[in-house]
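Coordinate analysis (summary)
Residue strings, one per chain:
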Amino acid sequence: MAFTRATGKHRARSRRTRRGMSAAGAATLTATGVISALAAPAHAAEPDTRAVGRTGLAQALTVGDALADAIDAQAEAQHQAAARARAKAAARRAAEARAKEIRAEKQRAARAAERRRLNTFRLPVAGSYITTGYRTGGSLWSSGSHSGVDFRAASGTPVLAVGAGTVVEAGWGGSYGNNVVLRMADGTYTQYGHLSSIAVTVGGTVVPGQRIGHSGASGNATGPHLHFEARTGPEYGSDMDPVAYLRAHGVNV
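Calculation rules
- Residues numbered from 1 in each chain as written.
- Predicted model: local features only at pLDDT ≥ 70, side-chain atom pairs only at ≥ 80, totals over all residues.
- Heavy atoms only, no water.
- Helix = DSSP H or I, 4+ residues; strand = E, 2+ residues; numbered from the N terminus.
- Buried < 20%, exposed > 50% of the residue type's maximum accessible area, 1.4 Å probe, protein only.
- Contact = heavy atoms within 4.5 Å.
- Areas by Shrake-Rupley, 256 points an atom, 1.4 Å probe, with all protein chains shown as cover.
- Core = buried A, V, L, I, M, F, W, Y, C linked by side-chain atoms within 4.5 Å.
- Polar contact = N/O pair within 3.5 Å; in protein donor to acceptor, adjacent residues only side chain to side chain.
- Patch = residues over 30% accessible without salt bridge, like charges linked within 9 Å, V, L, I, M, F, W, Y side chains within 5 Å.
- Salt bridge = Lys/Arg side-chain N within 4 Å of Asp/Glu carboxyl O.
- Lys, Arg positive; Asp, Glu negative; His and termini not counted.
- Charge placed at Lys NZ, Arg CZ, Asp CG, Glu CD.
- Phe/Tyr/Trp six-rings, centres within 6.5 Å; stacked < 30°, edge-to-face > 60°.
- pLDDT = per-residue confidence, 0-100.
- Pairing = 2+ DSSP bridges.

**Overview of the overall build of the chain**
The secondary structure content of the chain amounts to three helices and ten strands. Going from N to C terminus, the chain has its helices and strands arranged as α-α-β-β-β-β-β-β-β-β-β-β-α. A total of 253 residues make up the chain; the buried ones form 28% of that total. For the chain, the proportion of contacts with a sequence separation of at least 24, taken over those separated by at least 6, is 58%. By element, 56% of the accessible surface of the chain is carried by carbon and sulfur atoms, the whole surface being about 16000 Å².

**Some thoughts on the nonpolar core**
Nonpolar side chains tend toward joint burial in soluble globular proteins. Ranked by internal contacts, the top residues of the largest apolar core, which has 25 residues, are Phe151, Val180, Leu182, Tyr192 and Ile212. Sorting the residues of this core by element identifies strand S2 (149-151), strand S5 (178-184), strand S6 (189-198), strand S9 (226-231) and helix H3 (242-248) as the ones contributing at least two each.

**Details of the side chain of Ser238**
Within the element layout of this structure, Ser238 appears in the loop between S9 and strand S10 (239-240). Separated by 2.9 Å, the side chain of Ser238 and the backbone oxygen of Gly233 make a polar contact. A polar side-chain atom of Ser238 sits 2.7 Å from the main-chain carbonyl oxygen of Glu235. Setting aside residues no more than four positions away along its own chain, Ser238 makes contact with Ala230, Arg231, Thr232 and Gly233.

**Here's the deal with a positive patch on the surface**
On the surface, Arg108, Arg111, Arg115 and Arg116 cluster together to form a positively charged patch. Relative to the elements of secondary structure, Arg111 occurs in helix H2 (residues 49-119).

**Here we look at the packing of aromatic side chains**
In the structure shown here, the tally under the stated rule is three aromatic pairs. Ring geometry for Phe121 and Tyr245: centres 5.9 Å apart, planes at 75 degrees, overall edge-to-face. Remark: Tyr245 occurs in helix H3 and Phe121 occurs in the loop between H2 and strand S1 (130-132); sequence separation between them is 124 residues. Using a relative accessible area of 10% as the deciding quantity, one classes Phe121 as buried. Taking the centre distance of 6.3 Å and the plane angle of 70 degrees together, the rings of Phe151 and Phe228 count as edge-to-face. On the criterion of sequence distance, the pair formed by Phe151 in strand S2 and Phe228 in strand S9 is long-range, its members being 77 residues apart. Judged by its relative accessible area of 0%, Phe228 falls in the buried class.

**Observations regarding unusual backbone geometry**
Residues apart from glycine generally show negative phi values, whereas peptide bonds are mostly found in trans. One non-glycine residue, Arg135, adopts positive backbone phi at about 70 degrees. Within the secondary structure, Arg135 sits in the loop between S1 and S2. Here Arg135 falls in the partly exposed class, since its relative accessible area comes to 48%. Even without being glycine, His194 reaches a positive phi, approximately 65 degrees.

**Quick word on the pattern of salt bridges**
A complete count under the given rule lists four salt bridges for this structure. Across the pair Asp239 and Arg135 runs a salt bridge, and its minimum N-O distance is 3.3 Å. Of this pair, Asp239 sits in strand S10 while Arg135 sits in the loop between S1 and S2, placing them 104 residues apart in sequence. Exposure remark for Asp239: the relative accessible area of 15% places this residue in the buried category. Linked by salt bridges that have partners in common, Arg98, Glu101 and Glu105 make up one network.

**Some remarks on the confidence of the model for the chain**
Overall, the prediction assigns the chain a mean pLDDT of 83, with 77% of residues at 70 or greater. Long-range and interchain partners of residues 1-44, a stretch whose pLDDT sits below 50, account for 24 contacts in this model, where long-range means more than four residues apart.

**So, the pairing of strand S8 (residues 211-215)**
Relative to S8, strand S3 (residues 158-160) runs antiparallel, the two being bridged by three bridges. The partner of Pro158 across the bridge, within S8, is His214. Two elements, S6 and S8, share three bridges in a ladder whose sense is antiparallel. Of the residues in S8, the one forming a bridge with Ile198 is Gly213.

As structure tokens, this is what we get:
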């Protein structure tokens, strides 16, 4: 009895066809990165396409999980780096703000110290004392009384501005001899008479303790000393008690 080859839709796939399909599946998995290669000896059994599919799927899931983990790790690292950068920038801004505040505090302190210095009064002759008091009477004075006080000072002793002010007179003052008159910062006036030399000029400004001349015996004087007056105005006759004036400005006389 002769056998005939099956034809039509019931025809079974040949071994060659199945082998080609398996090879195509492996090539597809290799091209998508799921598996790198499918290799077998020439005498190996014919591959199982279902096993290949399961293996490729597992490898694809493993690769996907690893890639997701790598992306998450990279994102977390970037997030932490950004957080560190923000913290560093905030610290820098805080340091700059603190440095600015410290500079401002130092400037305020310096201005306050300068105001205190300019508002501080001192004796016109360092370490000296009064030898003739205010309103002392006698024929030595044309008005009949002393319009200021005399400080003991050897000839050539530095004479100092008692406070901050502006020079309104510097030169010969008649019976006062060489004299300097200052308009003080508070609007009052001080006078320094019988000087041997003058170290300031009209219009100049002085600070407390600045040397304005040297003591002497010029003008109507019986010997070297400093004649000091406190006045409400620049003119003669506007005098006030120099001791009370200096004490009111914190000077121990």
